[in-house]
Amino acid sequence: MQRQPAEKCGGLIPWRRGGRVSTGQINALDSMKNREMKFINQGLEDEMEVWGYRPCLWKIILVGVGAVCSGGLLLLLLYWIPEWGVKATCTRSSLREAHTLLLRTTDDFRQWVRAKIHMMLAPGKTPFDSVDHQSTAPFQNGHRHQSLIGELKDQNGNFNYRESVNIVHFFTHNSIKYYWNEGTQDFETFKGLEDTKVSCGGIHRDHSDGLTKTIQDYRALFFGKNDIDVKVPSLFKLFVKEVLNPYYIFQLFAIILWGVQEYINYSLTMLILSSILIAASLYSIRKHYVKLHNLVVAHSLVQVSVCRRNKDVEQVMSTELVPGDVITIPANGIIMPCDAVLICGTCIVNESILTGESVPVTKTSLPSSGDDAERIYNTEEQKRHTLFCGSHVIQSHYYAGALAKVVVVRTGFSTEKGQLVRSILHPKPTNFKLHRDATQSLMCLGMLAFLGFIYTIVVDVVLGVPITYLIFDALNIVVVAVPPILPVALTAGLMHAQRRMKRVGIFCISPQRINISGQLNLVCFDKTGTLTEDYLDLWCIQRAEDGIFLAPAAEVSKKTCFAACMATCHSLITIEGKLCGDPLEVKVFSATGSILEEATEYHTALYNARISTVVQFPDQAGEFGIVHQFPFSSALQRMSVVARQLGQNHFDIYLKGAPETVANLCKPHTVPQSFTETLETYTRQGFRVIALAHRQLQSELSLPEVQIICREQIETNMDFLGLIIMQNKIKEETAGVLLELRQANIRTLMVTGDNMLTAISVAHGCGMIQVREKVIIADAVPPNDQNPASITWRYSENIDLENNQTTEISIAGDGVHSVEDPDYHFAVSGRAFAIITEHFPQLFQKLLLRATVFARMTPDQKTQLVQALQSMDYTVGMCGDGANDCGALKKAHSGISLSELEASVASPFTSSIPNISCITNLIREGRASLMTTFCVFKFIYLFSLIMFCSVILLYLVLSNFGDWQYLLTDTVMLSVVIFTMSLNPARKKLVRRAPPTSLMSGLVLSSVLFQILNSLLFQIFTFVLVQQQSWYRTPEEMKRNESSFIDTYSLNQTEAEGLYIIKSFESTSLFYVSAFQYLIVAVVFSKGKPFRQPSYKNWSFVLTCAILYAFLLFIMLYPIPAVDELMEFATIPYDWRITLLIIILAHAVLSLILENLILDTLWKFVPTNPGVKWTTTSQTANTTQMVNDCWCSAFLSRIFFRKNRPPKTKYKCLTLKLQEEVDWPPVPSTITYASRPQYHISVPF
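(A) Quick look at the overall build of the protein chain. Of the regular secondary structure elements, the protein chain holds 44 helices and 44 strands. Looking at the 1245 residues of the protein chain, the share that counts as buried comes to 53%. The long-range fraction of contacts in the protein chain, counting pairs at least 24 apart against all pairs at least 6 apart in sequence, stands at 74%. For the protein chain, the accessible area works out to roughly 55,900 Å², and carbon and sulfur atoms hold 57% of it.

(B) Fine view of unusual backbone geometry. In this structure, proline 1225 follows tryptophan 1224 across a cis peptide bond, with omega equal to 5 degrees. Even without glycine at this site, serine 175 takes up a positive phi of about 70 degrees. In this structure, serine 175 sits in the loop between β7 (166–173) and β8 (176–181). Phi at leucine 958 takes a positive value of approximately 55 degrees, unusual for a residue other than glycine. Of note, leucine 958 is situated in the loop between α34 (917–955) and α35 (963–981). In this structure leucine 958 comes out as buried when scored by relative accessible area, which is 11%.

(C) Seen up close, the packing of helix α16 (residues 467–481) against α34. Axis separation between α16 and α34 bottoms out at 8 Å; the angle between their running directions is 155 degrees. Between α16 and α34, the angle is such that the two are roughly antiparallel. When α16 is examined against α34, the residues Asp473, Asn476, Ile477, Val480 and Ala481 are found in contact with a partner set consisting of Ser944, Met947, Phe948, Val951, Ile952 and Tyr955. Considered class by class, the residues forming the contact of α16 with α34 number eight nonpolar, two polar and one charged.

(D) Quick peek at the sheet that holds strand β31 (residues 687–696). Here we have nine strands laid out as an open sheet, ordered β23-β22-β32-β31-β30-β29-β28-β27-β26, and antiparallel in their pairing. At either end of the open sheet lies a strand with only one pairing partner, and these are β23 (548–549) and β26 (595–598). Its contacts with the sheet place helix α25 (residues 675–684) against β22 (537–545), β23, β31 and β32 (719–727), and it is angled at close to 145 degrees to β31.

(E) Just the sheet that holds β7, in detail. Taken in spatial order, the four strands make up an open sheet running β6-β7-β8-β9, and their pairing is antiparallel. The strands lining the two open edges of the sheet, one partner per strand, are β6 (118–122) and β9 (186–188). Each adjacent strand pair in this sheet contributes to an overall mean axis angle of 40 degrees, direction not counted. Bridging between β8 and β9 involves three bridges; their strand directions are antiparallel. In the sheet register, tyrosine 179 faces β9, and the bridge partner there is glutamate 188. Along the sheet, helix α8 (residues 213–223) makes contact with β6, β7 and β8, crossing β6 at roughly 170 degrees.

(F) Focus on the environment of leucine 1216. Residue position: leucine 1216 is located in helix α44 (residues 1210–1219). Overall, leucine 1216 belongs to the buried group, its relative accessible area being 17%. Along the primary structure leucine 1216 and proline 1206 are separated by ten residues, whereas in three dimensions their C-alpha atoms are 9.1 Å apart.

(G) Spatial organisation of the pattern of salt bridges. Summed over all chains, the structure comprises 27 salt bridges. Notably, a salt bridge pairs glutamate 182 with arginine 96, separated by 2.7 Å at the nearest N-O pair. A residue pair is termed long-range when its members are at least 10 positions apart, and glutamate 182 in the loop between β8 and β9 and arginine 96 in the loop between β3 (90–93) and β4 (100–105) qualify at 86 residues. Since its relative accessible area comes to 31%, glutamate 182 is described here as partly exposed.

(H) Examining the packing of helix α2 (residues 57–69) against helix α4 (residues 82–89) more closely. Taken N-terminus to C-terminus, the directions of α2 and α4 make an angle of 120 degrees; their axes are 7 Å apart at the nearest point. One finds that α2 runs oblique with respect to α4. Contacts from Lys59, Ile60 and Val63 in α2 reach Lys87, Ala88 and Thr89 in α4. Its residues assigned to classes, the contact of α2 with α4 comprises three nonpolar, one polar and two charged.

(I) Summary view of the confidence of the model for the protein chain. Counting all residues, the mean pLDDT for the protein chain is 79, and 83% of those residues have values of 70 or more. Confidence over residues 1168–1203 falls short of pLDDT 50; this stretch has 48 contacts with residues more than four positions distant or in other chains.

(J) Region of the structure containing the packing of aromatic side chains. Using the criterion set out here, one finds 40 aromatic pairs in the structure. Residues tyrosine 179 and phenylalanine 222 carry aromatic rings whose centres are separated by 5.3 Å and whose planes lie at 55 degrees to one another, so their mutual orientation is tilted. In this pair, tyrosine 179 sits in strand β8 while phenylalanine 222 sits in helix α8, placing the two residues 43 residues apart along the sequence. Exposure remark for tyrosine 179: the relative accessible area of 2% places this residue in the buried category. With a relative accessible area of 3%, phenylalanine 222 lands in the buried category. Taken together, the aromatic side chains of Trp258, Tyr263, Tyr266, Phe961, Tyr966, Phe1071, Tyr1072 and Phe1129 make up a single cluster linked through ring pairs.

(K) Molecular detail of the pairing of β32. With eight of nine residues buried, β32 is to be regarded as a mostly interior element. For β31 and β32, the ladder comprises eight bridges, and the chain directions are antiparallel. From the neighbouring strand, arginine 688 faces β32, where its bridge partner is methionine 726.

(L) Region of the structure containing helix α14 (residues 416–425). Counting buried positions over the ten residues of α14 gives seven, a clear majority of the element. Those residues of α14 that sit buried are Lys417, Gly418, Leu420, Val421, Arg422, Ile424 and Leu425.

(M) Local environment of the environment of lysine 527. Tracing the sequence through the fold places lysine 527 in helix α20 (residues 527–531). For the pair lysine 527 and alanine 855, spaced 328 residues apart in the sequence, the C-alpha separation amounts to 9.6 Å. Beyond its immediate sequence surroundings of up to four residues, lysine 527 is in contact with Thr532, Asn728, Met750, Val751, Thr752, Asp754, Thr758, Ala759 and Val762.

Reading the values: rules and limits
- Residues numbered from 1 in each chain as written.
- Predicted model: local features only at pLDDT ≥ 70, side-chain atom pairs only at ≥ 80, totals over all residues.
- Heavy atoms only, no water.
- Helix = DSSP H or I, 4+ residues; strand = E, 2+ residues; numbered from the N terminus.
- Buried < 20%, exposed > 50% of the residue type's maximum accessible area, 1.4 Å probe, protein only.
- Contact = heavy atoms within 4.5 Å.
- Areas by Shrake-Rupley, 256 points an atom, 1.4 Å probe, with all protein chains shown as cover.
- Axes fitted to C-alpha atoms, helices over the stretch in contact; angles between N-to-C directions.
- Parallel < 35°, antiparallel > 145°, perpendicular 65-115°, else oblique.
- Nonpolar A, V, L, I, M, F, W, Y, C, P; charged D, E, K, R; others polar.
- Pairing = 2+ DSSP bridges.
- Salt bridge = Lys/Arg side-chain N within 4 Å of Asp/Glu carboxyl O.
- pLDDT = per-residue confidence, 0-100.
- Phe/Tyr/Trp six-rings, centres within 6.5 Å; stacked < 30°, edge-to-face > 60°.

Structure (structure tokens):
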């Protein structure tokens, strides 16, 4: 067969099958293929690219020489940039042969990480391999593999492989171990029992007997200790890591430079301040680690009972558990040390630390037969049967006093809690534009520093300055231009905002998200417990008999199946005699007047069945024992129980759930024909409706069969019993908060698992949808054999708000409205959401642009919705109160959970205030923190530029500022002003205007540019004017005439050598002017409105500025010889002091005019949403004013290059595009088919 030529393509050399190639060529090709990049965690959120490297001796030698020649700076550079560090000391190799790995994340940040390969000896290659006792004997310790590696090496250092021993390569990254897989030639991670793809029935069949001690020890080699080990680093280690931060290295360089130049006081003061900052940072970091350590240590050392395969029960520490172990749950409960699946018994669990929801939930045993048993076990899908690590098992019970049993599925950092702790220990970087802009601004200052560096060299060469001092001057101008305090100062606003939020009951575990909260332009709300009250009032019941609805009744008859269903179909428990569980179920159960008791052995014998709880009706009207429970499922939208009435020989199944779901499970003739109309009557009024159903099981069905039967088999052919109508009142604060958000131009959505019409009614009632606005319901149907998927557009009728609160929102304005806010809303169900995302991708984003109500949404769909909105460039907030919202809370830019806990890992923010007013507080504080960041940034930027301008002017006359002058301005004034400037509290009202999003925006850059030009103008004017005075003498003349007064107070070392003269008219005059300029720009930039309270209410800032102003005015107008001598001021006439005061006042007035009158006024006319057309509700209203405004806006848009520029955000671009579509939104009674997305067919309803 003819050989095919190899083709090079992107560095790869593939060959065609069937060609004849030599062994050497195959090996070479394999080697090149192995050296290629591979992926780990492919398709997951933490996906990474990986390359292999081996140490290279000659590269290491070169790096060592370079480190010595650079004084260690090269090592610092390689430490800061891991990619360079690896490539500078290693050469590429295959992953299998690598000693070091270079990892890079595939997200937007492309972060590089270095990892070291380790090796261990094991009898098998994976933790689930079959091993015998002899092969595992040397490894039971778990620490022998390092010494055994040495024993297996020959004289040349190569390994002598034995049949029973495998060398396993692995590395650790972010607390997770990755092991080398010879089969796939890649690294993989072992999470737990789920890796075996075992079915639910397989867990009962193959894993219910437990593990032998041998297998447990073997698996411990791979999984390690069952411990979420949050190690609190030592202070020394934290100190070294903190000091090696580029900020502190630059600060240390500056301190050394100032010390060499004899600025002793200044350098010592900066050293002390840096030490204080380092100490504060170390305290904060260590406190964070200690708090997190205490959060997880509760379950780290728990003694548990482990069942062995020989039927023995062994007491071991929880740290020894591995996936596959079987442990018993004490009757009085336990804090779970791992993720485990319940295989027998029932447990009542409090998962508040994971979900933020304090209502206990019931966990039932994993199904062992039926269709459910054939499904592959997954912790997310079977979470009703899974006990998660860190959750508190309040109580457990099983038949005849036996203990409940669980099978360990995940341990350590692979558990649910471990993953949450990992997300805190190793947070993903926040993709916030402010951080990127801060980096760009530092680069701009770096370029300015380079120009100053060149300028200083040129000036010093012209003036004949010795080379040593030329280098010092050039480096000093770099330190002046690039403020080392900038990174720390930008976080000042976050610290104060976090402290203020804590006062109002909002706790934060991710301070970086505070600034992002100020950018929110869309907020999603859960309904029940968030917009509405947690509790519900029983409004009425409406029973159905023989397919006909009876008249609504306020009370229920005790001797009916309807009452039995209300009393038995729930997941309530009793703890210390108190009824606990979902508030809705408590209200329904209480309406029957029944008593709930935990089952005892007496009840088990009485019923001749294994029961969990007993329900007793009042007046001995009946007693029921709960035999089996199928918990409520958000995906199925129902729950059911199997019960037996005392004295009966058959079982009954009682079911409740969403009315539409229950009706589909019932016999058609038992469902009233008026079901749809009756349901709409209640839901349109905002009531929450629950349907009940009943079925009597066959009497010959035995107890064991009932225990193992799957819910699909019995939740069918039900008899429809009727409806429970619950009134879910809107919280008092809801309408006002939504009104404030709408007035602030922040879009609001409702995402709920409730009925569509109920959700629409609540949206109307709380003002999320106004009465005058249309609601378009998108009903989607999946494809079938005859027709493709389709969407039917129904216009909802007007909502009857007689029984609910309503809020008519009226926003005062000037009559101009954006077409971004049309008068219609879409309402989408969870079923339609799934169909549209799959079959109508071209309509999906158009729908999201105006969709306001999402009903019958599952937890996963809530998360998908948040991600879809983020993909449209919305900054999304999420507010919820329960476990169903956890995924969305974590995915949102700012998720806030309504919880009684001070802090939970369920979301970045937790509010102890049980209403949505926390959202406005969070946005207000976020906006205030964001504006504080902008103010501090501009002030530090101006501070550096003002000082930079002063120094380059003084270099022209071989002068500079003195030690105490730098000390006063660069430490006292700068640090105190920054700290107090950040204390401005948030404004109490949200405004419609959105805060700026970029430090490099036209508004910010214009403000900085105008102010620096203004400052430079007055500095040059002062510099030139002082030289025109009749009493003026050059620094050289002052040095010659006053040589007798020269001492250590008046000259630094360079001046003693005849170079720089500190005491000069230029330096003294520029010091007074520049010192006042610092304070002037601080006052000018410390704006209050519209996002912060006025600066005069920040008494600490006002007091600081007043003291500094008074001090500077005093030493300028009333000179004291001792102060002048200390500060190294030249003696200047009083008239010139008055002239300087006039110059300072003129600069202050011009700065205020530039910032507050010109910039603020002009930028009001520059459109914030370029390209968005504007219309009026009345075409003739205020026409002249509109024409003037539009003309001014167009003129300024052209000046600032904004004319016809398309919006940067996707949702604004889509808004513009929809303005040109005449067939959007769809008209009533139309259907859109997936095969013809733009074609609408009118059909009658």
